[in-house]
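# Chain and residue survey
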Amino acid sequence: MARFIIRRIGLSILVLMGVLVIMFAVMRAAPVDPVTQYAGIRATEEQRAEVRTLLGLDKPVVVQMGVYIKNFFTGDWGASLMTKRPVIDDIADTLPYTLDLIILSVILTLLIGIPLGVISAVRKDRWPDHASRVLAVGLISIPAFWLALALQYVFSGKLGILPLSGAHATEIALGDPITKITGFPLIDSLITGNLSAFGDYVAHLVLPVASMTGIGLAGAQRITRSTMVETLTEEYIVAKRSYGLPERRVQYRHGLKNSIGPVITSTAVFAASMIVTTFLIESIFSWPGMGSYVATGVAQLDYPVIMGVTLVSAVGFLVLNTLADILLAVIDPRVRLG
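These numbers come from a predicted model, not from an experiment.

On to a nonpolar patch on the surface. A contiguous nonpolar surface patch, about 430 Å² in accessible area, is contributed by Ile103, Ile107, Leu108, Leu111 and Ile112. Within the secondary structure, Leu111 is located in helix 5 (residues 87-122).

Below, the discussion takes up the packing of helix 5 against helix 6 (residues 127-141). Close contact between helix 5 and helix 6 brings their axes to 8 Å; oriented N to C, the two are set at 140 degrees. Considered as vectors, helix 5 and helix 6 are oriented oblique to each other. Crossing angle aside, the handedness with which helix 5 passes helix 6 is left-handed. Where helix 5 abuts helix 6, its residues Leu116, Ile119 and Ser120 lie against Pro128, Asp129, Ser132, Arg133 and Leu135.

Over its 15 residues, helix 6 runs 21 Å from end to end, which matches the ideal 21 Å to within 8%, given 1.5 Å per residue. Within helix 6, burial applies to Pro128, Asp129, Ser132, Ala136 and Leu139. Looking down the long axis of helix 6, one finds its buried residues gathered within 105 degrees of arc, a one-sided arrangement. In helix 6, the exposed positions angled more than 90 degrees off the buried face are occupied by Trp127, Val134 and Ser141.

Tallying each qualifying case throughout the model produces 3 salt bridges. As a salt-bridge pair, Arg85 and Asp93 come within 3.4 Å of each other at their nearest N and O atoms. Arg85 sits in the partly exposed class, given a relative accessible area of 35%. By relative accessible area, Asp93 is classed as partly exposed at 28%. Note that Asp93 and Lys180 form a salt bridge whose closest N and O atoms lie 2.7 Å from each other. One end of the pair, Asp93, is in helix 5; the other, Lys180, is in the loop between helix 8 (170-175) and helix 9 (185-191), and 87 residues separate them in sequence.

What counts, and where the lines are drawn
Residues numbered from 1 in each chain as written. Predicted model: local features only at pLDDT ≥ 70, side-chain atom pairs only at ≥ 80, totals over all residues. Heavy atoms only, no water. Patch = residues over 30% accessible without salt bridge, like charges linked within 9 Å, V, L, I, M, F, W, Y side chains within 5 Å. Areas by Shrake-Rupley, 256 points an atom, 1.4 Å probe, with all protein chains shown as cover. Salt bridge = Lys/Arg side-chain N within 4 Å of Asp/Glu carboxyl O. Helix = DSSP H or I, 4+ residues; strand = E, 2+ residues; numbered from the N terminus. Axes fitted to C-alpha atoms, helices over the stretch in contact; angles between N-to-C directions. Parallel < 35°, antiparallel > 145°, perpendicular 65-115°, else oblique. Left-handed = near helix turned anticlockwise from the far one by under 90°. Contact = heavy atoms within 4.5 Å. Expected span 1.5 Å × (residues − 1). Buried < 20%, exposed > 50% of the residue type's maximum accessible area, 1.4 Å probe, protein only. Arc of directions from axis to C-beta.

Dropping the structure here:
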């Protein structure tokens, strides 16, 4: 098992190195002058030369790439060309908001999608199966932005029971703000006993989390159903039924347990894809996460910001897939032999 884990981690590091090199090459080829972005269009030649030295652009490209890779692993991701703040500090401020959306959406997707898939499988070709499949097909057919806008229109515009956008109400942000401890508003508001800010933040979370959960729910239901339907027809399942074991025990203890592998893998892929989907949802709901941050960076051609957020997304994708591989190997030892 230890060799399997080391092999998977080593492979992830190699992939990350490849992403670093590709991103550096792409951004260096982009039609943007970082010196002008940093110093301004009215900077003198002397000021431009100082900025070029400050940004390390006076060195050969190969040296610049080596320095960038080294700095990435040491936490120096450069400074935003527009704000002049370290990119890693900006990401540290915005990442918790993005993680709140992703983590809550994945948890809800699993808590709702897997039971729906199981019910659909054990009630195959009956009305619970048909209802579950119609729901899944309906959700998977709806574009993410349309679902988000529809939820805004109904629950904020028409019913007025949930906030339209943002993460904090103005009166909370100004009169009773959350004291920053961990950077995660949910945790910090609970630690400090700021229940009014906690309730306000939860209310702002509902619509964006519901939008993202709706997107992933269909996939979790469909994969759980298909894998479990196939598993329940296997010979060893038929044999266990012939032994007189209770049907519920056969379905859940043996059928679901042996169907969970593809669900884990697909959940890791779904969670990683949520990093990109979150950026769109954040733009619609004016959510102060990495999506809004990188959108501003793209509009301003702020390449340190674009590279920083892209690499954080790549790291998140690799970490999730590595954890999924390890968890799958724990459940099914045959995976370690692959």
